[in-house]
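What the coordinates show
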Amino acid sequence: MTTIRRFSCNDLLRFTSVNLDHLTETFNMSFYMTYLARWPDYFHVAEAPGNRVMGYIMGKVEGQGESWHGHVTAVTVSPEYRRQQLAKKLMNLLEEISDKIDKAYFVDLFVRASNTPAIKMYEKLGYIIYRRVLRYYSGEEDGLDMRKALSRDVEKKSVIPLKRPITPDELERIASLSIRNVSHESADQTSPSRPRTLYPGGYKRPELSVPGLLLRLDADEVTSGNRDETFDLVDRALAKSVQIVVLDGGATAGKLYEAACLLKSLVKGRAYLLIAERVDIATAVGASGVALSDEGLPAIVARNTLMGSNPDSVVLPLVARIVKDVDSALSASSTEGADFLILGSGEDNQVGVLADSLLKSVKIPIFVTCRSKGEAKEELQLLESGASGFVISLEDLRSSRDVSLRQCLAGAYAVNHETQNENESILEEKPLVEASELQEQKSSAGFIKLEDKQKQIIEMEKSVLREAIEIIQKAAPLMEEVSLLVDALSRIDEPFLMVIVGEFNSGKSTVINALLGKRYLKEGVVPTTNEITFLCYSDLESEEQQRCQRHPDGQYICYLPAPILKDINIVDTPGTNVILQRQQRLTEEFVPRADLLVFVLSADRPLTESEVGFLRYTQQWKKKFVFILNKTDIYRDARELEEAIAFVKENTRKLLNTENVILYPVSARSALEAKLSKASLVGRDDLEVSDPDSNWRIQSFNELEKFLYSFLDSSTATGMERIRLKLETPIAIAERLLSSVESLVRQDCVAAREDLASADKIINRTKEHALKMEYESISWRRQALSLIDNARLQVVDLIGNTLRLSSLDLAISYVFKGENSASAAATSKVHGEILAPALSNAQDLLGKYAEWLQSNTAREGSQSLKSFENKWPKYVNSKTQLGIDTYDLLRKTDKFSLKTIQNLSAGTTSKRLEQDIRDVFFVTVGGLGAAGLSASLLTSVLPTTLEDLLALGLCSAGGYVAVANFPYRRQAIIGKVNKVADALAQQLEDAMQKDLSEATNNLASFVNIVAKPYREEAQLRLDRLLGIQKEVSDIRSRLHLLEVEIDNIHVSRDEMRL
């Protein structure tokens, strides 16, 4: 009996036999793991009795819009299990998931062109060959893209075959356009690539403000029951204090996906949305991250999968771990790099014990699930112990329990804020200070009793920095890195900040413990520091040696009784060069805030590649470095130590472009053990480590401590440098941010100018179209003039045949019968056979000409309008909406040429011609006299030319003259006809040109009206950017002058003291 189930990690170790077929593609392990993590619904295996793998299918769902489709990446069946329709069952399963759950338009797959059996099988399953991809397989064999339309594609548009083969490059470009949903028009806009962030990894860490509430919902709660009530409760919770929403799975993946989509539209960026366990669904709906159980994927795999699915995002996805015991919590917070923990529900007493245990050992945020329904004593106790917030449910929202929890959070925040202020005030206090001296001890830039000039420089710096912040926020409102400058400005009056950085396992925590004289921080060979940890001084009156709390911005603050912290704040950072992206970003983001960077190198691997990269990154912030080469006790002799020191100094000089490299080779572990040993002997743990007579100092570490104390001593040259470094920290941040802003503004200026040029290009395209219409109108004019010319020739020919002396009956009719003659055969012919048809044909032609003008202008106008809307869709608004009168420009036409023909009457023209013919006959025949007429009549009846001449000889001299002038009069009529025809042709040509000019002018007016708001927007944007560019340039000049002032600052050694 065959069993089809989901593929698991263990199956990767058992499906080798299935992949032995030479037509089956075999991928690396990470490829299969990615599919398992992102599209588990599309990865199935068929098992025979005895758990033998018979075959498997692997696929995914991807695309956008009408390109949203399921894809078969691989389907194969072991040779001994073929011809049992197993492949058909697997294919049907994937098609059903794509159709019913993911609502895809079609399913596609690629197959080798030589794999005839597979092609025939797919064709039997309903697949067609959509296109051929040349050299798709390893650049050697063509691939066939086969598709099958699903129920959503009603018109089967997805399976209309392409007529020509494509290359793999074309396939990639088409896929890229489909994913990004970029139109052909906007695809031409290639703006210069911008840096993702100012950090080397290109990602920013999502920030959690604590304490807060986490709302945990079930998919069934979202999709069933009273949905309106549920959404109303959630909406109100989001508007107040809920900052994270976690959606747990429903009965099916389809229901979870539906619930996730509904929640996504409701959350709208007001909170982080996390999907429990399902990385694929989190990816599909664009969630902020995932919440994983103890048995779920490793956090790093989930994070990397989410990052790979959204390469355009600059914010790292959130990964939470739902834990139920201490071990899994410690593992998730350290080795896995989870962003925060969710303490699962359980018995109240168990939760309390577990929470108390975790809060003492885990520094990342912990959200606790509580079942207490009474007073919030338990919650307050948890908050006091360090909990970051609480997990609430929909039931809690219905019972308004979230209100009491919010009150607890508000009270905890107020207490924490007050405690922080108290501790900060402790740092500023000096022992044995009289009341009269309190005013003098007001801190400025971490210093007191500064000269007036120095105070003025500090106040000037604050003012310039505030202006810089405003300019940055105006120029780049989405640049979140401005928070660095805001924080640096707020810290100008705070104590000096010394930040310890380095790779994990370089001994940073041991160095800090050695400086403090006690093991306050954890040490280990794996990353032990997971958060930014401030070490501040506090006189603890209780027996506890340290008190730690989480700041609302997520940083960890520890108050210690270490003497060195009286003069400086030390910051411990997570180690770099770890696979945990979050810890790396924490350190990178905090570096700019440092006044002094202490870079700890490990003697067993000094200046690794990642350390070199980190140093290069920090250069943009213009930081001062002190290098510590730790673990020097591993060297066998002084020569090895000197070689290592020379190597580090030589390379750091090149990297930092400086000759003065401060490097101290130490063994922090030995120094710490010596201090601890000495303290245990004396029975004291608060020894002043700066005492030169202390016999427990060890070589090298003593020099480091001397330097640090001299750096903190205002009476030394090194100490005088401290104020300069303190004041240069925010300036360096401002300069770096402004440099980035200037680059962005410059690119935006280029884009604005390109927008103006593009608008002008569309307008110029209209002019080109007018020239094209001018050229094409020549053909229309030729046709119209041809009709006139043909009519003219026919009339002339008729006149030639009519105005002859031999036309006796016609002459007699015109001369003797007058206007009332019924013999106007020539006139009737001109009207009925020549002019009337010609005028009718001309009207038809000119009517089509008018339609041609109108359709051309309407089409070009619509294309121009569409070009503007497609190129700048964000500018389509009320300002760009066109009135009816504007659209009338495309339809407006006076039809001058048609009116010219309509004003011409065939009957009137025929009568005029008839009168001219009558006049010719009357004048000619009347001048002949009786004899002339008789001779004329004789010529018409005598059979020979000789007889004609004899008859003419009988005519009088006057008659001869009259007859002789007859051809002249006939030619005069023909000339008159030609003149009238030429005049009509010129008039018609002018009218047709006038119609053309009116149409092209109306088109130009329409396009100018359409272009106006877009050009104005681009011009306003350009003017605004040029203004910002000048502001940035001005503020950078002021910062440069401020730097000069700080470099030249002279602080009195007698008056300056911390």
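Residues numbered from 1 in each chain as written. Predicted model: local features only at pLDDT ≥ 70, side-chain atom pairs only at ≥ 80, totals over all residues. Heavy atoms only, no water.

As annotated in an unreviewed UniProt entry, the chain carries the name N-acetyltransferase domain-containing protein and comes from Thlaspi arvense. One UniProt comment on the chain, placed under Sequence similarities (unreviewed entry), says "Belongs to the acetyltransferase family. ARD1 subfamily." (UniProt positions renumbered as here; feature names shortened; annotations may be inferred.)

1. Brief notes about the overall build of the chain
Summing up its helical and strand segments, the chain has 32 helices and 23 strands in all. A buried classification covers 50% of the 1058 residues belonging to the chain. In the chain, the proportion of contacts linking residues at least 24 apart, taken out of those at least 6 apart, comes to 73%. Looking at the chain as shown, the accessible area adds up to about 50800 Å², and 51% of this sits on carbon and sulfur atoms. (Helix = DSSP H or I, 4+ residues; strand = E, 2+ residues; numbered from the N terminus. Buried < 20%, exposed > 50% of the residue type's maximum accessible area, 1.4 Å probe, protein only. Contact = heavy atoms within 4.5 Å. Areas by Shrake-Rupley, 256 points an atom, 1.4 Å probe, with all protein chains shown as cover.)

2. A closer look at the sheet that holds strand β10 (residues 272-276)
Pairing is parallel around the closed barrel formed by eight strands, whose spatial order is β8-β9-β10-β11-β12-β13-β14-β15. Direction aside, neighbouring strands of the sheet carry axes that sit 25° apart on average. Relative to strand β13 (residues 340-343), strand β12 (residues 318-323) runs parallel, the two being bridged by four bridges. Note on β13: the bridge partner recorded for A320 is F340. (Pairing = 2+ DSSP bridges. Axes fitted to C-alpha atoms, helices over the stretch in contact; angles between N-to-C directions.)

3. Let's talk about the nonpolar core
Counting residues in each nonpolar core, the largest one holds 73 residues, and the members touching the most others are L485 and F627. Beyond its immediate chain neighbours, meaning those up to four positions away, L485 contacts L465, A468, I469, I472, P730, I733, A734 and L737. If you look at the next biggest cluster of nonpolar residues, it comprises 52 residues, including L256, A287, V290 and I364. (Core = buried A, V, L, I, M, F, W, Y, C linked by side-chain atoms within 4.5 Å.)

4. Quick look at the pairing of strand β8 (residues 212-218)
Among the seven residues in β8, five count as buried, and that is most of the element. Looking at chain direction, β8 and strand β15 (residues 389-392) are connected through four bridges and run parallel. Bridging across to β15, L215 finds its partner in I392. Where β8 meets strand β9 (residues 242-248), six bridges bridge the pair, whose relative direction is parallel. Bridge assignment links L213 to a residue of β9, and that residue is V242.

5. Some details on the packing of aromatic side chains
For any pair of aromatic rings, the description consists of the separation of the ring centres together with the inter-plane angle of the planes. Counted according to the given criterion, the structure contains 19 aromatic pairs. With 6.0 Å between their ring centres and 55° between their planes, F614 and Y617 make a pair best called tilted. With F614 and Y617 both in helix α19 (residues 609-618), this residue pair falls three residues apart, about one helical turn. Classification of F614 by relative accessible area gives buried; the value is 3%. Taking the relative accessible area as the measure of exposure, Y617 reaches 5% and is therefore buried. Each member of the aromatic cluster is reached from another via a ring pair, and the members are F599, F614, Y617, F625 and F627. (Phe/Tyr/Trp six-rings, centres within 6.5 Å; stacked < 30°, edge-to-face > 60°.)

6. With respect to the state of the cysteines
On inspection of all chains with the given rule, the structure shows zero disulfides. Here C536 stays unpaired: no disulfide links it, and the sulfur of C558, its closest cysteine neighbor, is 8.7 Å away. We classify C536 as buried; its relative accessible area is 7%. (Disulfide = S-S within 2.5 Å.)

7. Here's the deal with the packing of α19 against helix α20 (residues 638-656)
At a minimum axis separation of 10 Å, α19 and α20 run at an interaxial angle of 35°. At the point where α19 passes α20, the crossing takes the right-handed sense. Taken together, the residues of α20 that come into contact with α19 (itself represented by V612, L615 and R616) are T652, L655 and L656. When the residues that make up the contact of α19 with α20 are grouped by side-chain class, the tally is four nonpolar, one polar and one charged. (Left-handed = near helix turned anticlockwise from the far one by under 90°. Nonpolar A, V, L, I, M, F, W, Y, C, P; charged D, E, K, R; others polar.)

8. What to know about the side chain of D248
The residue D248 is located in strand β9 in this model. Within the local environment of D248, its side chain forms a polar contact with the side chain of R216, the two groups lying 2.9 Å apart. Discounting residues that sit within four places of it in the chain, D248 has contacts with R216, L217, D218, A219, L256 and A276. (Polar contact = N/O pair within 3.5 Å; in protein donor to acceptor, adjacent residues only side chain to side chain.)

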